[in-house]
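Summary of the model geometry
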Amino acid sequence: MYDPSAVEAKWQTWWEENGTNEPDLDAAERPFFNLMMYPYPSAEGLHVGNLYAFTGADIYGRFRRLRGDDVFEPIGYDAFGIHSENHALKVNTHPMELIPSNIRNFERMLRAAGLMTDWSRTVDTTDPRYYRWTQWIFVQLFKAGLAEKKEAAVNWCPKDQTVLANEQVIGGLCERCDAPVEQRMLSQWFFRITDYAQRLLDNLEWIDWSETTKTAQRNWIGRSDGARLHFPLAGAAGGDGDRIEVFTTRPDTLFGATFMVLAPEHPLVERLTTDERRDEVETYVRAAAAIDLVERQKADEREKTGVFTGGYARNPATGEDVPVWVADYVLMDYGTGAIMAVPGHDERDFNFAVDFGLPIVEVVRSRASLPEGADPRHVPPEEDVAAFVQHTSDEILINSGRFSGMEADAGGRAITEWLAGNDLGGSEVNYRLHDWCISRQRYWGPPIPIIYCDDCGAQAVPEEDLPVILPYVEDFRPTATGVSPLARDAAFHATTCPACGSAARRETDVSDTFLDSGWYFLRYPSTEFDDRPFDAERTRKWLPVSSYIGGEEHSVLHLLYSRFLTMVLSDLGHLDFEEPYDRFRKHGLLIREGAKISKSRGNVILPDEYIERFGADTFRMYLMFLGPFQRGGDFRDSGLAGPERFLKKVWDSVTAAAESGRKGFDDPDVERALHAAIRQITEELEALSYNTAIAAAMDYLNAVRFGGRTASIDEVRPLVVLIAPIAPHVAEELWARLGGASSLFDHAEWPTWDEGKLAVDEVELPVQVNGRLRATIRVARGAPEEVVREAALAEAKVSRQLDGAQIRKVIHVPDRMLNLVVA
Ligand code: ANZ
Ligand code: ZN
């Protein structure tokens, strides 16, 4: 009788005692680094979503191992950060006490799930042996001028009392606690990831990643090709050569720029505002500051508001003075924080112009829509002012002076060149990507390794003094003032300057968790070295990561930051590759009965319960059977019965075969089915199409057991290996019972298929029409009447005889002959 819990306990212990999953990293000949996204060890324990991802990655790793690779499959814990800290606050326990017990619980669950984890090389980001090197990385960036402190408007979560990255603000709310996010000015450490924007974009062309993940990164980096144009200040504010600079993607529309708009925070607002307008402008600017940034980014949905400054700037093309407005739909942190408004061709500008009665001039139009013989320099306004929405491929410039009549793109380039020649601008590329804010005014993270000296300024902590240990502080709660909890600990922050020796003060912010996870994969192969973050030799052998599988929710955060850090470390000579992952595949999302799985819905799946009841093998197989792994699946309790029954049948068939001692193949259909199964499962596992691989294994077993047959050893031994990646424990047990040496993963060879055996057996079949032989066709042996008839009708020699006549009768003798009787 198949008893999953006994089998699983036995093999988990066996693997552990025999070091089955601990490859010799130096001796490995075909290193394959199989990475999964390490979890943050929550108090609730392993989430079924984690397990879904890990199982999918583990199957791939086991498959590669069975095909001869030396697979290294490590795991770790992303244990710093706000998630862990908030939980500690909630249950009123210090994170230093909470985390170790959470980690123990995770380890227990991961073992129970039967992952091929190398437990000798785990990583815990809160271990000083780890974060010493997180700090070292900060120091490398600081020394290279890639870490800088600047005063910046930041997203501030009033509930969590911390700064959030833009990526952590979802629809204006804090990703963690759903509180509305506010704006604050704080002095923060930033990594200059924007310096790498173009390289991060360029490499997407060749890295082997899921296409949707690449697209998400492309959009996040957000390259925009356009021009920077100068509008000299005019009127009272003008005269000394000062100007408003704008970024535009449509320099071709310059002649239609009938007003300008500054972001409320723009430094020129003050200067352009006339005395009569001052009160109104200041009120508007104050009100805008209170609106959250994410809300403002939804410019298209919001009602347009704005005020006229009273000032003017000169459109360099028309020479006309245009009014300068202030409006919150223009954002300070994109482009130059100012725009030239072209209401004839931009929808937002159009709505604004209509609301405030500003002039609208059309400067681009489809060539075909121009009246015959019209002079493009002077085209009268169209009745329908909303014409800007339509875009055509034959657009030309109109009402644009000497550029009129030019094709729009070429016209834009010509206008930019002309302005550049007159020192009034030039082409420019803009990115949406922002620098990476590293500072967190929280407790639970690695202290940023910087010392401030009144004389020497900001100094990196000398590398030999790392790590800067995060002290145990009783009161680790964040403060409402934006000052870090560590600032309350004088013993921590009082120090001496590493440059001049005088009294100095430590940085009291800690670093973002995404810095911890930005390099953890580099640490795994080198966990035993305490004098270096990653050993050069090991790194050369094991990196880049061979396969990385993880969730799409990390498309732009972790996956972008880790690419950036790898590039930087490569530039600084610490790594000899600049992309961290040879191949990345995102997995789909697991839902339950059609709904998202969440605590608030009360539909959380506790892996523990299922593993206890059904065993890890059945649970693993079920998770993968739910749907295509890369697209996700819908979890239904009733579905577990299928995989459960299947594994029982595998057990029964294999044990019966072992008992019978029968070998070889006596049924060509079964042998053919086996070769088909081997081919299909091999190809599907390589493509991560686990659900169809499982279906193929099930089909094969049905063929073996057809009509109550007892299997031979040779019929089932390959099946045991084929399902081993998915159901490793039961496979290991059955392999042993068939006389194989343990572990299966070291001794079994992946079965191969013989194309020759796959060919279906065919017969030649004479086809008669009204009793006269007209053709001979080839069909599969035993083909049913419909199939034979179709094949016969496809023959020209047969169909010619029929010539549209009705078939009155079909006489079919299987594998012998077909006779069609027509009227
Ligand atoms: C004139 C114009 C005419 C524009 C037209 C568009 C269409 P992307 O593609 O996203 O880069 N813009 C520039 N800076 C802005 C800011 N800080 N806040 C709000 N809007 C800003 O968009 C670039 C376009 O967005 C720019 O080109 C500018 O409007 C606007 F028919 O300039 B355009
Ligand atoms: Zn000093």
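Everything below is about the structure printed above this text.
Residues numbered from 1 in each chain as written. Chains lettered and ligands numbered in written order. Predicted model: local features only at pLDDT ≥ 70, side-chain atom pairs only at ≥ 80, totals over all residues. Heavy atoms only, no water.

So, the coordination of the zinc ion (ligand 2)
The condition is simple: Donor selection uses N, O and S atoms within 2.8 Å of the metal (3.2 Å for Na, K and Ca). Since no water is included, sites may look incomplete. Only two sets of limits are used to name each site, 85 to 135 degrees for every angle of a tetrahedral four-donor site, and over 155 degrees for opposite donors with all other angles from 65 to 115 for a square planar four-donor or octahedral six-donor site, with any other site named irregular. Partly exposed residues are those whose accessible area sits between 20% and 50% of the maximum for their type, while under 20% is buried and over 50% is exposed, using a 1.4 Å probe and protein chains only.
Summarising the metal site, the zinc ion (ligand 2) is bound by the protein donors Cys453 (SG), Cys456 (SG), Cys497 (SG) and Cys500 (SG), whose distances to it range over 2.2 to 2.4 Å. Around the zinc ion (ligand 2) sit four donor atoms, and with donor-metal-donor angles ranging over 106 to 112° the site reads as tetrahedral. Residue Cys500 is classed as partly exposed on the basis of its relative accessible area, which comes to 41%.

Considering the environment of Ala290
How we decide: Under the DSSP-based scheme used, a helix requires at least four consecutive residues in state H or I and a strand at least two consecutive residues in state E, with every element numbered from the N terminus.
Checked against the element boundaries, Ala290 lands in the loop between α9 (278–289) and α10 (293–297). Assessed through its relative accessible area of 69%, Ala290 is described here as exposed. Put simply, Ala290 and Asp455 are 165 residues apart on the chain and 37 Å apart in space, counted from C-alpha to C-alpha.

A few points about the pairing of strand β32 (residues 762–769)
This is how the line gets drawn: At least two DSSP bridges between two strands are needed for those strands to be called paired.
Two strands pair when backbone bridges link them, and β32 and strand β33 (residues 772–780) are joined in this way by eight bridges, in the antiparallel orientation. Looking at the pairing, Pro766 lines up with Thr776 of β33. Counted between consecutive antiparallel strands, the loop separating β32 from β33 contains two residues, among which Asn770 sits at a positive phi close to 50°.

Remarks on the site of ligand 1
Put simply, the test is: Proximity is defined per residue: any heavy atom of the residue falling within 4 Å of a molecule or strand makes that residue near it. Whenever a nitrogen or oxygen atom comes within 3.5 Å of another N or O atom, the pair is scored as a polar contact, on the condition that within protein one atom can donate a hydrogen and the other can accept it, and that pairs from neighbouring residues in sequence are kept only if both atoms are in side chains. Reported accessibility uses the Shrake-Rupley method at a 1.4 Å probe radius. Residues are deemed covered only where the shown protein chains occlude them. We call Asp, Glu, Lys and Arg charged. Ala, Val, Leu, Ile, Met, Phe, Trp, Tyr, Cys and Pro are nonpolar, and the rest, Gly among them, are polar.
Of all residues adjacent to ligand 1, which total 17 residues, the nearest are Ser224, Thr248, Leu331, Tyr334 and Arg432. In this structure, Thr249 approaches ligand 1 through a main-chain N or O atom, which is 3.0 Å from an oxygen atom. Interatomic distance of 2.6 Å between a side-chain N/O atom of Arg432 and an oxygen atom of ligand 1. In the complex, the protein chains occlude 86% of the 650 Å² of accessible area that ligand 1 would expose alone. Partitioning the shell around ligand 1 into residue classes produces eight nonpolar, five polar and four charged.

Brief notes about the packing of aromatic side chains
The criterion, for reference: Aromatic rings from Phe, Tyr and Trp, with only the six-membered ring used for Trp, were paired whenever their centres fell within 6.5 Å, and each pair was classed as stacked if the ring planes differed by under 30 degrees, edge-to-face if by over 60, and tilted otherwise.
Counted according to the given criterion, the structure contains 49 aromatic pairs. Ring geometry for Phe33 versus Phe72: centroids 5.4 Å apart, planes at 40°, classification tilted. With Phe33 in strand β1 (residues 31–36) and Phe72 in strand β2 (residues 70–72), this residue pair connects regions lying 39 residues apart in the sequence. This pair shows no difference in class: Phe33 is buried, exactly as Phe72 is. Centre to centre, the rings of Tyr196 and Phe564 are 5.3 Å apart; their planes meet at 80°, and the pair counts as edge-to-face. On the criterion of sequence distance, the pair formed by Tyr196 in the loop between β9 (182–191) and α6 (197–202) and Phe564 in helix α17 (residues 558–571) is long-range, its members being 368 residues apart. On the basis of relative accessible area, Tyr196 is assigned to the buried category, the value being 9%. Looking at Phe564, the relative accessible area reads 0%, which means it is buried.

Some thoughts on the sheet that holds strand β29 (residues 589–592)
The three strands lie next to each other as β30-β29-β31, forming an open sheet whose pairing is mixed. Each edge of the sheet is formed by a strand with only one pairing partner; in this case those strands are β30 (595–596) and β31 (632–635). Where β29 meets β31, four bridges bridge the pair, whose relative direction is parallel. Residue pairing for β31: Ile591 is matched across the bridge by Asp634.

Looking at α9
Rule in force here: Expected span, for any helix, means 1.5 Å times one less than how many residues it has. Picture the helix axis, draw a direction to every C-beta atom, and the arc is the one those directions span.
The end-to-end C-alpha separation of α9 is 17 Å, in line with the 16 Å expected for 12 residues at 1.5 Å each. Along α9, the residues that are buried comprise Val281, Tyr284 and Ala288. An end-on view of α9 places all buried positions within 65° of arc, on one side of the element. Away from the buried face of α9 by more than 90 degrees, exposed residues Asp279, Arg286 and Ala289 are located.

Thoughts on the packing of helix α2 (residues 48–66) against helix α21 (residues 668–686)
Convention followed: In this analysis an axis means a line fitted to C-alpha atoms, helices contributing only their contacting stretch, and an angle means the value between N-to-C directions, from 0 to 180 degrees. An angle below 35 degrees is treated as roughly parallel, one above 145 as roughly antiparallel, one from 65 to 115 as roughly perpendicular, and anything else as oblique. When the near helix sits turned anticlockwise from the far one by under a right angle, the crossing is termed left-handed; a clockwise turn instead gives a right-handed crossing. The contact definition used throughout considers only heavy atoms, calling two residues in contact when any of these lie within 4.5 Å.
At a closest axis distance of 10 Å, the pairing of α2 and α21 adopts a crossing angle of 125°. Here α2 is positioned oblique relative to α21, judged by the angle of their axes. Relative to α21, α2 is oriented so that their crossing is left-handed. Across the interface between the two elements, Ile59, Tyr60, Phe63 and Arg64 of α2 pack against Thr682, Leu685 and Glu686 of α21. Here the contact of α2 with α21 is built from residues that sort into four nonpolar, one polar and two charged.

Looking at the nonpolar core
The cut-off we apply is this: Residue types Ala, Val, Leu, Ile, Met, Phe, Trp, Tyr and Cys, when buried and joined through side-chain atoms within 4.5 Å, form a set referred to as a nonpolar core. Here the limits of each domain have been adopted from an automatic or database domain assignment.
One finds Phe191, Trp436, Phe564, Phe619 and Leu623 to be the most contacted residues of the largest nonpolar core, which totals 168 residues. A per-element tally of this core places α2 first, with 10 residues. Counting contributing residues, this core receives three or more from each of domain 1 (4–134 + 515–596) and domain 3 (607–757). Trp436 has contacts with Trp189, Phe190, Phe191, Ile193, Asp512, Phe514, Leu515, Tyr561, Phe564 and Leu565, leaving out every residue within four places of it along the chain.

Topic: the pattern of salt bridges
Keep this limit in mind: We count a salt bridge whenever a side-chain nitrogen from Lys or Arg sits within 4 Å of a carboxyl oxygen from Asp or Glu.
Scanning the model with the defined rule gives 57 salt bridges in all. One salt bridge connects Glu733 with Arg737, and the closest N-O pair in it is separated by 2.9 Å. Placement of the pair is Glu733 and Arg737 together in helix α24 (residues 728–737), with a separation of four residues, close to one helical turn. Given a relative accessible area of 45%, Arg737 falls into the partly exposed group. Each of Glu148, Lys150, Arg192, Asp195 and Asp435 takes part in one network of salt bridges that share partners.

Quick notes on the sheet that holds strand β5 (residues 147–157)
Taken together, four strands build an open sheet; the order of strands is β6-β5-β9-β20 and the sheet is antiparallel. With one partner strand each, in any of the chains shown, β6 (162–164) and β20 (436–437) form the two edges of the open sheet. Against the sheet, helix α5 (residues 128–143) touches β5 and β9, its axis set at about 85° to β9.

Let's talk about the packing of helix α19 (residues 616–625) against helix α20 (residues 641–660)
As a packed pair, α19 and α20 sit with axes 9 Å apart at the nearest point and diverge in direction by 130°. Comparing the axis directions of α19 and α20 gives the class oblique. Crossing handedness for the pair α19 and α20: right-handed. Contact residues: α19 offers Asp617, Thr618, Met621, Tyr622 and Phe625, while α20 offers Pro643, Glu644, Phe646 and Leu647. In the contact of α19 with α20, the residues fall into six nonpolar, one polar and two charged.

A few points about helix α22 (residues 690–705)
Every α-helical turn comprises 3.6 residues, leaving residues that sit three or four positions apart pointing alike. Relative to the 22 Å expected for 16 residues at 1.5 Å per residue, α22 spans 23 Å between its end C-alpha atoms, a close match to the ideal helical length. If you follow the buried residues of α22, they end up packed against α2, α19, α20, α21 and α23 (713–723). Looking one or two residues beyond α22, the residue adopting positive phi is Gly707, at roughly 65°.

With respect to the environment of Tyr524
Within the secondary structure, Tyr524 sits in the loop between α15 (520–523) and α16 (536–542). For the pair formed by Tyr524 and Leu164, sequence separation is 360 residues and the distance between their alpha carbons is 28 Å. Apart from the residues lying within four places of it in its own chain, the contact partners of Tyr524 are Phe33, Leu35, Tyr38, Phe72, Pro74, Ile75, Gly76, Arg121 and Val123.

Looking at the environment of Glu417
Residue position: Glu417 is located in helix α12 (residues 408–421). Residue Glu417 is classed as exposed on the basis of its relative accessible area of 59%. C-alpha of Glu417 to C-alpha of Ile678: the two residues are 261 residues apart in sequence and 63 Å apart in space.

Interpretation note: all reported values are geometric properties and have no functional meaning in isolation.
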